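# Structural characterization, general
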Amino acid sequence: MRYLKKISYIVLFIFIFSSCYNKAPIERTSIISGVGHDLKSNKKLSSTFEFTVFKGQNIIDKMIVTTEGTSIFDMYNKRLLITKRKHLPGTIRLLLISENRAKYGISDIIDAFLRDQERNLNTTVAVSKQSTENILKMNPKDSNTMSEEIEDLIKSSFEANFTQNDVTIKDLFNMYYQEGRHIMIPYVEKFKDTIKLGGIAVFKDDKMIFVIPEEEAKYVNILRNDKAQGFLSFTSETSKSFDIACQSRRKIKVDYDDENIVYNINILIYASIKEANIDNSLELSKEKITELEEKYSKEISKKLQEISDKYKNNYQFDAFDIQKYAIAILGKDKQKYVEDNFKNSKINVQAKIKILSSGRIIR
Amino acid sequence: MFKYNNQITKNQYMFIIQNSMIGVGILSLASEVCKEAQQSGWISTFLGGFYPIFVVTLTTIIFKNMNFNEFFEINRRIYGKFLAYIFTIFFFINFTFFTSFVLSGFTNVLTFSTTKFLSPYVIIVLTSVLIYFTINQGLTNIGRLSELLFYLTILLLIIPIYFINKGNSTNLLPIISNTNSIIKAIPKTFFSYSGVEISLFIIPFVTDTKNVLASGIKGSLITIILYSVTVILTISYCGYVLTSKLQYPLLYLVSAADLPILSNFEPLFIFLWGNKIFQTLAVGCFGMSYTLSFIIKNSYNRCCLFTCLLIIFTSSILIPEHNRSMVIDIVMPYLVYTIIIYTLLTFILSYLKRGEIFEKN
Amino acid sequence: MIEKLTKNIYSNLDVISANVPSNLNFIKREIIFKEHKCYILFISGIADKNVIEETIIKPLLTIKNHIKSENLLDDMPKKYIFSSDINVTNSIPDICYELLNGKTVILVENYDTALVCNTINDNYRQIQESTNEKSIYGLRESFTENLNLNLTILQRKVKNPNLKFERYIVGDKIKTELVLAYIDGIIDPLVLTNIKSKITNINAPALISTGFLEQFLDYRHYNIFPLTKSTERPDKVVFDLLEGKAAIFIAESPTVLILPATFLEFFQGFEDYSERTIIANFSRIMRFIAIITIMILEPIYLVLLIYNPELFPYKLMSLIISSRQNIPLPPLLEILAMDVAVEILREGGIRLPNPVGTTLAIVGGIVIGESATKAGLVSYVTLFIVAITVISTFIIPNYQMALTIRFIRFPMLILGQMFGFFGLLIGFYFSLIQLTKLETFGVPYFSPATPFRFSDIIDSIIRLPLNKILVEPKSLKPSKKSPKN
């Protein structure tokens, strides 16, 4: 009996003091799928929210709301005056930052996403050429919302173009806070009535400085990313080409002698031949394959060396995520030294293609 | 109902030692050490493990010298009645601080992460009720629970290991850049390692005292390795700048995973870790009740009740996290240094007196 | 009440009649044997009439009466009665008790002792295959209501001279016969003493089945975890006796109580030992997954719905929200309603004849689930979660433990509703406290996990090959401290 009495006291206490009575049920919530941050012409911030609308079972629609304000939570507050359901910040799939806003600086966005415990760390981040409202209000083709579509676009691009796979906001925090690294995130733009991946947005600290164009993005990606996938084509004349599907590996070695830092980027590309009609009498014997490997290794090395020199000399900026290796050797306090001396340092690129498979045809 | 039993096996002793330290420290430890020692924070964590091993080793030798009498008896023989009383009061205060820190920290973490809707006082009261049920049965039950929950510790270790190849080794390099800062960071780890003082009270209850020293060291090593591994993984994933900025780096780390059924590891981690916290609290409260029953000469079971009421009160004061860390920064060094001095002194005195024959009471 | 017989046969007869149910079937047959008046007393039905006529009345009436005899009562069993089992007693309570057991009592004029002949009617249910505990490879026989037959079955299987049977009589109002069986030398003396003292201290009006006995053996009346197992199958009893446990048989009951039982062994199927190691481990692991499912799947779902929806992954979340549109019931009521419906169906299924019961459970389940979702009262996801939970309960081999585990999820649901994840945490920890603090007859309930014994833990959640595990478990021997600990 004593036992029962004790238990009943506890239960009574629990009922009186538990604070769980005014909780919105899940059916009254709506999922925010994406947030866009934009900058208006009069230096006012603007943000666009895309969320799903549920009308009855299995009928899902989407809506967007755009508000203007002076800070992130000012806009958040205004949005709550417009929307009809409870919203959860934890579900955001996509953070889209317009080019204008990115150039203006995103430190407030970083702080809000890092500080707020309710926010998801797996939100995908991208920079858009057009204003975010413009992009988010488009009609999605094969998803419920535009944000999901952009997320899927970025995720599916991992298999092509050697795209980086550190695109979520936790990777952004890492790029922002770790020494010798810079924020580099995918850059999307409107393409007819849908969107496409247009390059890489490069940030210095929290401000975007330039965009790596689509044509060069592939090569920058090979230099920057480890274990990336993509296709390489070597064309001799129209419809005569040598195409390989590749997986790249990257190894960085940093040498340091008194003044200059020498970065040795060794890239190993595991490839399988997808198309090879350069020579009709081609027989893929071991010697031939070795010959092809050497020939195209040289070609790709040259191309990569060109790209790396171009970015080093034109922008004096590390777009290849290699400074961290120098800092790891010199010590964390040498960050400024490494960054300042980047223009004087030397980058050697050495690429090597290794053909693993020639496909169904051997001759 | 009012029966208790204090006998534990050697295995259980090892697990109690191991459990007594997994507190709130595991969440915030990385942040504290990275502030001073930067990317070498894990070395400080590892070296800080000197404290539990020191305490466990000396304690075992003291008790061996004094023929495994109970704590009060040993104190009485070495220091006389009055000083023994003072030391008991000191340890009571030490455990009171320890349990209040852990309980309030636990409450802060819960209200910070998964149960934002709950009032912290509800969490404190319910946890105290649970602790009362645990310690009321005596040390045997705590030992058994520790043994059982050790399996959860393995799971607790597996979750961070998910991130083992997701980090970047450049974040850990260079391994040592400044020895001074590493040593400066060692005292910061003491809060995470405190709680091990319980070995002073529980060694006499171990049934088989043959290899008890090895058990104690094994138990400490498990915790030291667990701490070091989590700190290494956190630094290698986030880099030391971000780590030192975060309030609970490990919680950030576990919530970074992307899983199919739950969106991240955080609730699972809180679930496993919460069980460990209950255990840590139970060990601390056992220390409190045990010393209190000597101080106010009352029965152990009644002291359990007083203890639980007392920690409800003391941990309510420490509720916002900044409040708590302020008190920890002020109090913790004094407690730790006093314990180190006490253990060393007792060790020397017991060594001198070891020739005298004491019967086990 | 007069305790001893007197020389006066009429007063004896009166006292006995007063202490035996005065029914029509209490028969007092009077005969004259060697000029002495004798009474043959028995209760027809319980005692076998044919046996009495053949072995007692016929020889007594057909032999020549004129041969003198010094001591009639001494001569009677030696020279005249054919019965194989005869006792001489003068205690009236004993006589009354034996009469109720179906024995026959012979009272003779001028003697203050009586003969008790075994004429028990053995017309019981025949040995059949167990309907509650089916097995694919196991034995086809099960225990019956006949205590002696049960003991015979066991003895036939355990050909070990150390197999011991001890008889106890308990019950204030109705005397019930218990038989404690164990193998001496294997069972731990401390456990045995514990069991014996518990049995002798039973203070109950009557023990009708093993379920009654189980509760009278446990002094913690509000404990929900079973401390003993009951079974109908002899092979299980043999296996457990070999592990160092004891079995209690109750007269007139086909189930046998095995004790002590530790927590983890409730989740071990007996068939696990007949299958290949890896296959057996697979089903054991499935069982543990099922237990976790039963205990926390519904509460976690509830907590995620009401407090932590952000923990659902994005895709799952939109699925769940869209399935919950326009559902009037709050999540807790929705889950509870489905749970209660299922429990009712199942309880109904047990009471109905076997084929009908199964049909009811299936048809009822489908109809209720389908109509509830069609009517928009319950969401599809909830129905799915409840169905998974219910199906998981069937995987627990022991019925008592299945009931307990099924019960635990209701407090967990309420805790989850009130405190979210913290509620689940305290529910889980509280059940751990309860489990670790229990001891069954001196054996810690959670052994061998705690106190940890490696030699036994290899046959708990997983099992290693038979040659490694078929040793006497050390965790059932609390009196022997293993040298390691």
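Residues numbered from 1 in each chain as written. Chains lettered and ligands numbered in written order. Predicted model: local features only at pLDDT ≥ 70, side-chain atom pairs only at ≥ 80, totals over all residues.

### Overview of the overall build of chain B
Inclusion rule: Numbered from the N terminus, helices here are DSSP runs of H or I no shorter than four residues, and strands are runs of E no shorter than two. Here the globule rule is a power law, 2.2 Å times the number of residues to the power 0.38, and the radius of gyration is based on C-alpha atoms. Exposure classification rests on a simple neighbour count of other C-beta atoms within 10 Å of a residue's own: a residue reaching 20 or more is buried, one at 12 or fewer is exposed, and one in between is partly exposed. C-beta atoms are placed from the backbone. Throughout, a residue-residue contact means that the two C-beta atoms, derived from backbone geometry, are no farther apart than 7 Å.
Assigned secondary structure in chain B consists of 17 helices and zero strands. A compact globule built from 361 residues would reach a C-alpha radius of gyration of about 21 Å, and chain B, at 20 Å, matches this within 12%. Reported as C-alpha extents along the three principal axes, the dimensions of chain B are approximately 60 × 45 × 35 Å. Within chain B, the fraction of its 361 residues that count as buried is 57%. Taking all contacts inside chain B whose residues are at least 6 apart in sequence as the whole, residues at least 24 apart take part in 85%.

### A look at the overall build of chain A
The helix and strand inventory of chain A stands at eleven helices and 13 strands. Counting only C-alpha atoms and orienting by the principal axes, one finds that chain A spans roughly 85 × 65 × 50 Å. Taken over 363 residues, chain A has a buried fraction of 40%. Sequence separation of at least 24 residues holds for 67% of the intrachain contacts in chain A that already meet a minimum separation of 6.

### Remarks on the pairing of strand S9 (residues 207–213) of chain A
Residue and element names in this part refer to chain A. Which entries qualify depends on this criterion: Pairs of strands are assigned from DSSP output, requiring at least two bridges between the strands.
The pairing of strand S8 (residues 194–204) with S9 spans six bridges and is classified as antiparallel. Its bridge partner lying in S9, Val202 is registered against Phe210. Turn length for the S8-S9 hairpin, with the two strands adjacent in sequence and antiparallel, is two residues, and the turn residue Asp205 shows positive phi of about 50°.

### Topic: the confidence of the model for chain A
Put simply, the rule is: What pLDDT reports is the predictor's confidence in each residue, on a scale of 0 through 100.
On average, chain A scores 83 in pLDDT, and the residues at 70 or more come to 93%. Predicted confidence in chain A is weakest over helix H1 (residues 2–17) of chain A, with a mean pLDDT of 67, and strongest over strand S6 (residues 124–128) of chain A, with 90.

### Considering the interface of chain B and chain C
We apply this condition: By the convention adopted, Pro, Cys, Tyr, Trp, Phe, Met, Ile, Leu, Val and Ala count as nonpolar, Lys, Arg, Asp and Glu as charged, and the other residues, Gly among them, as polar.
Counting from both sides, the interface comprises 30 residues of chain B and, opposite them, 25 residues of chain C. Those elements giving two or more residues to the side of chain B that touches chain C turn out to be helix H1 (10–19), helix H7 (120–135), helix H8 (139–161) and helix H15 (266–295) of chain B. Of the residues forming the side of chain B that touches chain C, the biggest block, six residues, is contributed by H15(B). Among the residues forming the side of chain B that touches chain C, the class breakdown is 15 nonpolar, eleven polar and four charged.

### As for the sheet that holds strand S12 (residues 260–276) of chain A
Sheet strands line up and pair through hydrogen bonds in the backbone, either parallel or antiparallel. All names here are of chain A. Counted only if it meets this: Helix axes are fitted to C-alpha atoms over the stretch in contact, other axes to C-alpha atoms as well, and angles between N-to-C directions run from 0 to 180 degrees.
The four strands are arranged S10-S11-S12-S13 in an open sheet whose pairing can be described as mixed. Every other strand in the sheet has two partners, leaving strand S10 (228–237) and strand S13 (346–357) as the edge strands with one partner each. Pairwise comparison of adjacent strand axes, ignoring direction, gives a mean angle of 35° for this sheet. Both strand S11 (residues 240–257) and S12 contribute to a ladder of 16 bridges, which runs antiparallel. By the bridge assignment for S12, Asp255 is matched with Val262. Against the sheet, helix H8 (residues 214–224) makes contact with S10, S11, S12 and S13, and its axis sits at roughly 130° relative to S10, the strand it touches most.

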